[in-house]
Amino acid sequence: MSDKLIEVQEDTGVVRLTLNRPKALNALNTALLAELDSVLNDLAQRDDLRAVLITGAGEKSFVAGADIAEMRDKTPEDARRFAMQALTTFKRLERLPVPVVALVNGFCLGGGCELALACDWAVASDNALFGQPEVGLGVIPGFGGTQRLPRRVGPAMALDLVTTGRKIDAQEALRVGLVNRVVPQAELEAVAEELTKQLAANGPQAVRSAKQAVHDGMDQDLESALALETSLFALSFAGSEQKEGMGAFVEKRKPNF
Ligand code: CAA
């Protein structure tokens, strides 16, 4: 692995980002966040992008949180700036027009858990450990955890995690809906390949519209959200993808998107 803080690999329009500070368990510092932001800015411009997978370098950690050594001497104003930097980058990730999947390969704590929450969904290895331990450091989550966590797992579970700071294992994370799947660590690589194939096999515009419908709809009342779905559904009949997808089904062949 190179000395870049974000490694970028690509296969058939599916981009895999690896956060690369393994000696610090991939803790998020200003430099790493800036590099991630720049990579995401470039990806957001690409029409040929199909999906993004995000993981941590090494076998031990996805991300062990924001960098505590860097934060230690921050003033309130510095802390605000640091949080705003992360929030802007996480929003950029969340708003990519394609699915973003976290491959959680170990510690997923503090800012790491908040990063996973900014992804559309997550697959965890069986050794993953999740938590928002900030209160033990005398602070609260600052990269969106108090807001995205309750939206993902409900307010009671979120309050449990952010007030006790306790860590939960992958099975509990699965049970509470923090992750979608748990696999043995040795199989995470195979899952990444399988996901790449699955995500690249679907109609790319349909996948983008499906993400848009869920994300934009969640911010609206049900009636408006259903109207949004109807519009996007109707629009999907305007392009070549629907003709190819439905044509392939009727002709008993695989679609070629
Ligand atoms: N920031 C900076 N460095 C970190 C780090 C972090 N969040 N987490 C781990 N590291 C560093 C350690 O300092 C250590 O560095 P050295 O080898 O130079 O001493 C190296 O990574 C390996 O860590 P450990 O020796 O501690 O490894 P371990 O296996 O014994 O423990 C761990 C692993 C339980 C994850 C432990 O490292 C730990 O508790 N880390 C901090 C977790 C945490 O509190 N995260 C929340 C941070 S605050 C936050 O994220 C705020 C926010 O919302 C924005």
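Just so you know, these numbers come straight off a predicted model, no measurement behind them.

*Asks:* Break down the pattern of salt bridges for me, with residues and values.
*Replies:* Per the counting criterion, the structure on display carries 16 salt bridges. Arg16 is paired through a salt bridge with Glu189; the nearest N and O atoms lie 2.9 Å apart. With Arg16 in strand β2 (residues 14–19) and Glu189 in helix α8 (residues 188–201), this residue pair connects regions lying 173 residues apart in the sequence. Ionic pairing is found between Glu251 and Arg253, a salt bridge with its closest N-O pair at 2.8 Å.

*Asks:* Could you give an account of the sheet that holds strand β6 (residues 107–109), with specific residues and numbers?
*Replies:* Taken together, 4 strands build an open sheet; the order of strands is β4-β6-β8-β9 and the sheet is mixed. Because the sheet does not close on itself, it has two edges, and the strands there are β4 (61–63) and β9 (167–169). Strand-to-strand twist across the sheet, computed as the mean angle between neighbouring axes with direction ignored, equals 20 degrees. The sheet contact formed by strand β8 (residues 129–131) and β9 spans 3 bridges and is antiparallel. In the strand pairing of β9, Leu129 is matched with Asp169.

*Asks:* Now, about the packing of helix α1 (residues 30–44) against helix α3 (residues 76–94): what can you tell me, with residues and values included?
*Replies:* One way to put it is that α1 packs onto α3 with a least axis distance of 9 Å and a crossing angle of 30 degrees. Comparing the axis directions of α1 and α3 gives the class roughly parallel. The handedness of the crossing between α1 and α3 comes out as left-handed. From α1, Thr30, Leu33, Ala34, Leu36, Asp37, Leu40 and Asn41 reach across to α3, where they touch Phe82, Gln85, Ala86, Thr88, Thr89, Phe90, Arg92 and Leu93. In terms of residue class, the contact of α1 with α3 is built from 8 nonpolar, 5 polar and 2 charged.

*Asks:* Any details on the sheet that holds strand β7 (residues 121–125)? Residues and values, ideally.
*Replies:* Taken together, the 6 strands give an open sheet; going across it, the order is β1-β2-β3-β5-β7-β10, and neighbouring strands pair in mixed fashion. Unpaired on one side and paired on the other, β1 (6–11) and β10 (181–183) mark the two borders of the sheet. Averaged over all adjacent pairs, the angle separating strand axes in this sheet is 20 degrees, with direction ignored. As paired elements, strand β3 (residues 51–56) and strand β5 (residues 100–104) share 3 bridges and run parallel to each other. Its bridge partner lying in β5, Leu53 is registered against Val101.

*Asks:* Any chance you could break down the site of the ligand for me, citing the residues and the numbers?
*Replies:* Taken together, 22 residues surround the ligand, and among them Lys60, Ala66, Gly111, Glu114 and Glu134 come closest. Ala64 has a polar backbone atom sitting 2.9 Å from a nitrogen atom of the ligand. Separating a nitrogen atom of the ligand from a backbone N or O atom of Ile68 is a distance of 2.9 Å. Summarising the interface, the protein chains cover 62% of the accessible area of the ligand, which totals 980 Å² for the free molecule. Considered class by class, the residues forming the shell around the ligand number 13 nonpolar, 4 polar and 5 charged.

*Asks:* Let's hear about helix α10 (residues 222–235): which residues, and what values?
*Replies:* In this model, α10 (14 residues) spans 20 Å end to end at C-alpha, consistent with the 20 Å of a helix rising 1.5 Å per residue. When α10 is considered as a whole, its buried residues turn out to be Ala225, Leu228 and Leu232. Within α10, the buried residues cover an arc of 55 degrees as seen down the axis, which keeps them to one side. Relative to its buried face, α10 has exposed residues pointing more than 90 degrees away, namely Glu223 and Phe233. Against the buried residues of α10 lie α9 (204–218). The residue sitting at the N-terminus of α10 and contributing the capping side-chain oxygen is Asp221; that oxygen lies 3.2 Å from the backbone nitrogen of Glu223.

*Asks:* Let's hear about the domain arrangement of the protein: which residues, and what values?
*Replies:* We note that the domain assignment places domain 1 (6–200) and domain 2 (203–250) within the protein. Domain 1 puts 12 residues into the contact, and the matching count from domain 2 is 5 residues. Here domain 1 is connected to domain 2 by 1 salt bridge. One salt bridge connects Lys211 with Asp120, and the closest N-O pair in it is separated by 2.9 Å. Counting across the interface, domain 1 meets domain 2 through 8 residue pairs in polar contact (both at pLDDT 80 or more).

*Asks:* I'd love a proper account of the packing of helix α5 (residues 145–153) against helix α6 (residues 155–164), names of residues and values included.
*Replies:* How two helices sit against one another is set out by the angle between their axes and by the gap between those axes. Viewed as axis vectors pointing N to C, α5 and α6 meet at an angle of 135 degrees, and their least axial separation amounts to 7 Å. The angle between α5 and α6 falls in the class oblique. Handedness of the α5/α6 crossing: right-handed. Listed contacts from α6 to Leu149, Pro150 and Val153 of α5 are Pro155, Met157, Ala158, Leu161 and Val162. Across the contact of α5 with α6, the residue classes tally to 8 nonpolar, no polar and no charged.

Analysis parameters
- Within any chain, residue numbers begin from 1 and follow the written order of that chain's sequence.
- Confidence filtering applies because this is a predicted model: local features only for residues at pLDDT of at least 70, side-chain atom pairs given and counted only at 80 or more, and all residues used for totals across whole chains, interfaces and linings.
- Computation of side-chain values covers all heavy atoms of the structure but excludes hydrogens and water.
- For this document, the term salt bridge refers to a Lys or Arg side-chain nitrogen within 4 Å of an Asp or Glu carboxyl oxygen.
- The helix count covers DSSP runs of H or I at least four residues long, the strand count covers runs of E at least two residues long, and both are numbered beginning at the N terminus.
- Here, strands pair whenever DSSP counts at least two bridges between them.
- Fitting a line to C-alpha atoms yields each axis, with helices limited to the stretch in contact; the angle taken between N-to-C directions then spans 0 to 180 degrees.
- We call two directions roughly parallel when the angle between them is under 35 degrees, roughly antiparallel when it is over 145, roughly perpendicular when it lies between 65 and 115, and oblique otherwise.
- Two helices that cross are described as forming a left-handed crossing if the nearer one is turned anticlockwise from the farther one by less than a right angle, and a right-handed crossing if clockwise.
- The criterion used for residue contact is that any of the two residues' heavy atoms lie within 4.5 Å.
- All residues other than Ala, Val, Leu, Ile, Met, Phe, Trp, Tyr, Cys, Pro, Asp, Glu, Lys and Arg, Gly among them, are scored as polar; the first ten of these are nonpolar and the last four charged.
- We call a residue near a given molecule or strand whenever any one of its heavy atoms falls within 4 Å of it.
- Two N or O atoms form a polar contact when they lie within 3.5 Å of each other; inside protein one atom must be a possible hydrogen donor and the other a possible acceptor, and for residues adjacent in sequence the pair counts only when both atoms belong to side chains.
- Throughout, the Shrake-Rupley method with a 1.4 Å probe supplies accessible areas, and for residues the shown protein chains are the sole cover considered.
- Here the expected length of a helix is defined as 1.5 Å per residue gap, with one fewer gap than residues.
- Exposed residues in this analysis have more than 50% of their type's maximum accessible area, buried residues have under 20%, and partly exposed residues fall in between, with area computed by a 1.4 Å probe over protein chains only.
- Throughout, the arc means the angular range of directions from the helix axis out to the C-beta atoms.
- Residue ranges for the domains originate in an automatic or database domain assignment.

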